Amino acid sequence: MSTFTSLIKVLTNPSHLRALLSFNKKGYLEDIGWFKAFDTRSPVDQNGSPIPWVTYSFIDFIKTRLTKEHTVFEFGSGNSTYFYAKYAGVVVSVEHDKQWFDKIEKSTDKPDNSELIYCELQRDGDYCRMPVKLDERFDIIIVDGRDRVNCCKQAVEALTPNGVVVLDDSEREVYKEGVDFLLSKGFKHLLLSGISPGLFYRKSTSVFYKPDNCLDI
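Here, residues in each chain are numbered from 1, in the same order as that chain's written sequence. Under the rules for a predicted model, residues below a pLDDT of 70 receive no local features and side-chain atom pairs below 80 are neither given nor counted, while totals for whole chains, interfaces and linings still include all residues. Values reported for side chains reflect all heavy atoms of the structure, with hydrogen atoms and water molecules removed beforehand.

Colleague: Talk me through helix α5 (residues 56–63); I want residue IDs and the actual numbers.
Modeller: Exposed residues in this analysis have more than 50% of their type's maximum accessible area, buried residues have under 20%, and partly exposed residues fall in between, with area computed by a 1.4 Å probe over protein chains only. A helix here means a DSSP run of H or I that spans at least four residues, while a strand means a run of E at least two residues long, and both kinds are numbered starting from the N terminus. Residues of α5 that are buried include every one of Tyr-56, Phe-58, Ile-59, Phe-61 and Ile-62, and no others. Contacts were defined at the residue level, with two residues in contact if any of their heavy atoms lie within 4.5 Å. Where the residues of α5 are buried, they touch α3 (28–31), α4 (34–40), α6 (79–87), β5 (159–168), β6 (188–196) and β7 (199–209).

Laid out in structure tokens, this is it:
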């Protein structure tokens, strides 16, 4: 169904129109700050605080389980960096966009417990291997940047024994190879689906974990 057809269908159904018009004043969308994210075109919560551009169900899940004992590596940076730094002990991010990297790196409110690394993007190159190249181990590796399949493959080499991998947009067919790879390595799959900040289509954020994991799943 086209956007125009959908709009006509709503406008010709008074009860649907009234319900939609009320959502920006009360209800779930207002409570979670969806309209604030839509208006600002950035992932923020109801208070304007930064959050990742992932499903709300994942945000609800992860913010109650992250602790200052956790180390996080993320492919991609931005509001997610601020969010994870708020709850975790250390956040290391790799960013391929130099202009975006400079903006975040020079920001006066960049969290003290975060580190941002610039790396040019080359498929199956240094970018996807960055957590391994650092010769460190991370409790949580967030795959939400570019070259995601290869990032998933490299992530398992940089996890702590009880570490987990998080893949955003895991419903996309283009990332199925990454999902299958993690499953072949013995990870279990927790699928957290729904809408995300400012967007109104169904997407999924997945957590891949093993028994005795750092998130107590």
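Colleague: Before we move on, can you summarise the layout of surface pockets with the specific residues and values?
Modeller: Vacant regions in the atomic arrangement are exposed by a probe of water-molecule size rolled over the atoms. Here the largest pocket is characterised by a volume of approximately 600 Å³. A cavity, in this analysis, means grid points on a 1 Å lattice covering only the protein atoms where a 1.4 Å probe fits yet has no way out; a pocket is instead an open set bounded by protein on both sides within 12 Å along at least five of seven lines, and a residue lines either one if it has an atom within 4 Å of a point. Contributing to the lining of the largest pocket are 28 residues, with Trp-53, Gly-76, Ser-77, Trp-100 and Asp-144 lying nearest its centre. Of all the elements in the fold, those that place two or more residues in the lining of the largest pocket are α6 and β7. Counting residues per element, the lining of the largest pocket draws most heavily on β7, which supplies 3 residues. Three categories are distinguished: nonpolar for Ala, Val, Leu, Ile, Met, Phe, Trp, Tyr, Cys and Pro, charged for Asp, Glu, Lys and Arg, and polar for the others, with Gly belonging to the last. Grouping the constituent residues of the lining of the largest pocket by class yields 10 nonpolar, 8 polar and 10 charged. Its boundaries defined by the atoms lining it, the second largest pocket holds a volume of some 290 Å³. Forming the boundary of the second largest pocket are 16 residues, of which Asp-45, Gln-46, Ile-51, Ile-59 and Lys-63 lie nearest the centre. Within the residue set of the lining of the second largest pocket, elements represented by two or more residues are α3, α5 and α6. Classifying every residue of the lining of the second largest pocket by side-chain character gives 9 nonpolar, 2 polar and 5 charged. Grid points are joined across faces, edges and corners, and a volume is the space filled by probe spheres set on the points.

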